[in-house]
Amino acid sequence: MDIAVTVNDILSLKSFADVYVKAGAEGMSNVVENVFFMEVPDIYKYVDPFGLLLTTLYPIANDKEAIGRFIPNLVEKQVSCVALKLGRYIHDVPPVMLEQADRFRMPLMILPNNANLSKLSNDILGLFLGSKTSMLEYRDNIHSKLMGLLLEGADLHKLVKTVSDLFSLPVLVVDRYFHLQSASFAAGTGYSLSKGDDSVTWDEALSGGRLTVHASGTSYSGLQVLYRPIADGSENLGYLIALLEEDADATNLTIGLEQASMLCAFLFQRELAMRQTERNYLDSFIRDMFSGKFPHQQEAEEKAKFFDWDLTFPMTVLAIEVLEAEQERQRSSYADLLAEGIVEQELTAGLGLGPRSCKIVHRDDALLCLISLPGGQNLRERLKERAEGILAYYKDKYKLGIGISNPAPYFERLKDAKDEAKFVLDMINKLRGPEPFVAFYAETGIYKLLHHISETDALSRYVEEKLGFLLNNGGKESELLETLLCLLKNGFNLQKTAKELFIHYNTLRYRLDKLKEYGIDTGDGLELAELALAYQMHTYLLAESGRKPVR
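Residues numbered from 1 in each chain as written. Predicted model: local features only at pLDDT ≥ 70, side-chain atom pairs only at ≥ 80, totals over all residues. Heavy atoms only, no water.

Moving on to the overall build of the protein. Helix and strand content of the protein: 18 helices and 19 strands. Counting every position in the protein, which comprises 551 residues, the buried fraction comes to 44%. A fraction of 64% describes how many contacts in the protein between residues 6 or more apart in sequence connect residues 24 or more apart. Of the roughly 28700 Å² that the protein leaves accessible, carbon and sulfur atoms contribute 50%. (Helix = DSSP H or I, 4+ residues; strand = E, 2+ residues; numbered from the N terminus. Buried < 20%, exposed > 50% of the residue type's maximum accessible area, 1.4 Å probe, protein only. Contact = heavy atoms within 4.5 Å. Areas by Shrake-Rupley, 256 points an atom, 1.4 Å probe, with all protein chains shown as cover.)

This part covers the pattern of salt bridges. For the coordinates displayed, the defined rule picks out 24 salt bridges. Notably, a salt bridge pairs Glu65 with Arg69, separated by 3.0 Å at the nearest N-O pair. Of this pair, Glu65 and Arg69 both sit in helix H2 (residues 64-76), 4 residues apart, which is roughly one turn of the helix. The class for Glu65 is exposed, based on a relative accessible area of 58%. In this structure, Glu302 engages Lys305 in a salt bridge whose closest nitrogen and oxygen atoms are separated by 3.2 Å. Judged by its relative accessible area of 41%, Glu302 falls in the partly exposed class. A network of salt bridges, in which partner residues are shared, links Asp364, Lys415, Lys418 and Asp419. (Salt bridge = Lys/Arg side-chain N within 4 Å of Asp/Glu carboxyl O.)

One full turn of an α-helix is made of 3.6 residues, so residues set three or four places apart face in the same direction. Helix length check: helix H17 (residues 505-517), at 13 residues, gives a terminal C-alpha distance of 19 Å against a target of 18 Å (1.5 Å per residue), a fit within 8%. Backbone geometry just downstream of H17 places Gly519 in the positive-phi region, at approximately 90 degrees. (Expected span 1.5 Å × (residues − 1).)

For the rest of this paragraph, the subject is the state of the cysteines. In total, this model carries 0 disulfides according to the counting rule given. Cys358 carries a free sulfur, and the closest cysteine sulfur to it, the one in Cys369, is 5.7 Å from it. (Disulfide = S-S within 2.5 Å.)

What follows is about helix H3 (residues 95-103). Taken as a whole, H3 has its buried residues at Met97, Gln100 and Ala101. In a view along the axis of H3, the buried residues occupy a sector of 100 degrees, so they form one face of it. (Arc of directions from axis to C-beta.)

On to the sheet that holds strand S17 (residues 366-372), then. Ordered in space as S16-S17-S15-S18-S19, the 5 strands form an open sheet in which the pairing is mixed. Every other strand in the sheet has two partners, leaving strand S16 (358-363) and strand S19 (437-440) as the edge strands with one partner each. Sheet twist, expressed as the mean angle between neighbouring strand axes with direction ignored, is 20 degrees. Bridge analysis of strand S15 (residues 315-322) against S17 gives 6 bridges, and the strand direction is antiparallel. Directly across from Met315, in S17, lies its bridge partner Ser372. Across the sheet, helix H10 (residues 342-350) lies against S15, S16 and S17, angled at about 145 degrees from S16, the strand it touches most. Across the face of the sheet, helix H11 (residues 379-393) comes into contact with S15, strand S18 (400-404) and S19 while running at roughly 155 degrees to S19. (Pairing = 2+ DSSP bridges. Axes fitted to C-alpha atoms, helices over the stretch in contact; angles between N-to-C directions.)

Turning our eyes to something else, we now look at the environment of Ile43. Along the chain, Ile43 turns up in the loop between strand S4 (34-37) and strand S5 (51-55). A residue is classified by how much of its surface remains accessible, and Ile43, at 4% relative accessible area, is buried. For the pair Ile43 and Leu53, spaced 10 residues apart in the sequence, the C-alpha separation amounts to 9.6 Å. The contacts of Ile43, once residues within four sequence positions are left out, are Phe37, Met38 and Leu53.

Locating Phe50 in the fold gives a position in the loop between S4 and S5. Separated by 31 residues in the primary sequence, Phe50 and Cys81 have C-alpha atoms spaced 8.2 Å apart. When residues no more than four places from it in sequence are discounted, the contact partners of Phe50 are Val31, Val32, Glu33, Asn34, Gln78, Val79 and Ser80.

The contact between H2 and H3 brings their axes to 9 Å, and the two run at 15 degrees. Taken together, the axis directions place H2 and H3 in an arrangement best described as roughly parallel. As for the relative orientation of H2 and H3, their crossing is right-handed in sense. Each of Ile67, Gly68, Phe70, Ile71 and Pro72 in H2 lies in contact with H3, whose residues at this interface are Val96, Met97, Gln100 and Ala101. (Parallel < 35°, antiparallel > 145°, perpendicular 65-115°, else oblique. Left-handed = near helix turned anticlockwise from the far one by under 90°.)

This structure, assessed with the given rule, holds 12 aromatic pairs. Taking 5.4 Å as the distance between ring centres and 20 degrees as the angle between the ring planes, the aromatic pair formed by Phe285 and Phe307 counts as stacked. Of this pair, Phe285 sits in helix H7 (residues 251-290) while Phe307 sits in the loop between helix H8 (297-304) and S15, and the two are 22 residues apart along the sequence. As far as burial versus exposure is concerned, Phe285 and Phe307 are alike and both buried. Ring geometry for Phe423 against Tyr441: centres 6.1 Å apart, planes inclined by 75 degrees, an arrangement best described as edge-to-face. With Phe423 in helix H12 (residues 414-432) and Tyr441 in the loop between S19 and helix H13 (447-450), this pair connects stretches of sequence that are 18 residues apart. In this structure Tyr441 comes out as buried when scored by relative accessible area, which is 11%. In this structure, Lys195 packs its charged tip against the face of Trp202, placed 4.8 Å from the ring centre. (Phe/Tyr/Trp six-rings, centres within 6.5 Å; stacked < 30°, edge-to-face > 60°. Lys NZ or Arg CZ within 6 Å of the ring centre and 35° of its normal.)

If you want it as structure tokens, here you go:
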């Protein structure tokens, strides 16, 4: 962006000493980028936005209708101002033009009778040239300082601090998820962002002037938040943002931000590569923990410190799955979830833990969240609330399933906790289908035992022995199966069962008699327990085969 020349700058030229503004004085800060002469009535075809029009009004001097349309037509073409030379073709400015110039804030300047339009035009062009030269010198100065930083091996924080010092303004960098990456102001000074309307994205709030930045006890919004995208080709990496005081001139700052944003992209990519390398090392470390490569907990705890991680027990594992059939989209979703940091923030902040208490990696087609959680009252309820908060946050973007392990009391049980969380994902997903859920390993009941039985044929035989006559036939037998399941669920409360099935009590008694004909003694508690077990086995086997049980 060039250093702007305004109507005020043009009036300061020596050749404009005898020129005065007749109307439209509120537009003196209008930017001027070119100069034109009016030699034809349809001049509007030949002017560009932000131009200054020099004219005697000769082409339309005797056309009252054209005079009335003159200023509005120029406004439509975004012309910045008009300079009139009176005397030869028109002696006074028509009142309609004065009124329109004031209304549209278009400066209408009056040139003296002896004004040389060519001389005035050349002086204006000279001003443009000087402005461009100054701009190029300014750009070169900024570029030299910033490239010096690059050659010194400076990081993102050094760049932000230098840009802030150049303009004596707060400067910050956010990533594409609007997480703060670096700032010229000290940490802990009350930094936060707000967009006012939850229905818009952060990008929309920024581009629409609705983003408010709170920093160091001051709030900045609207034109006070000046930004430049940090881009690598077509990929947006984040934003470089400067915070201005009210009515500050942003012209020079825009040039500086433009230069700095290009260097930012390089430093951003370098830091992203470093973070990915660190994440790869963390992934290998956690894989080694699960595979038993650390014989002693103390050895793992010491290595965890390299990853800024307080590895303490008891530890709970959350497995988070994106319920998306298309694998490529699923993988990209995991990458975004890791980069956004919302999951980690929701778990640690929501549970009153520090950031060193939780690490998240992508393994085994899920995100594994390892959280050091001391025991306490309502621990399961608190975990469930946090997990449901994650589901709610992403409800419009992803369908997520979250499985939660039992707490691993010591290091040797960590792999068991991971397997428990993964089992919950697999089992609940098979039972319920691709709908969001939060479930605990402790809630999987008999399924967690059945999972360890390799002889599924034995399970099938047991189901056939106990329920085959009801499962393999339709008609009345399906009614009897439904009745039996409802009885089991309601603790054999006949009235509650009849109400839930929407049948008369006598109808229920009739079905119980039919069950007795099949050898089911509803008065035998042990028999009922075995039937309940058989049905859970049946449900488990169906889920393992990819089919859904009839409930």
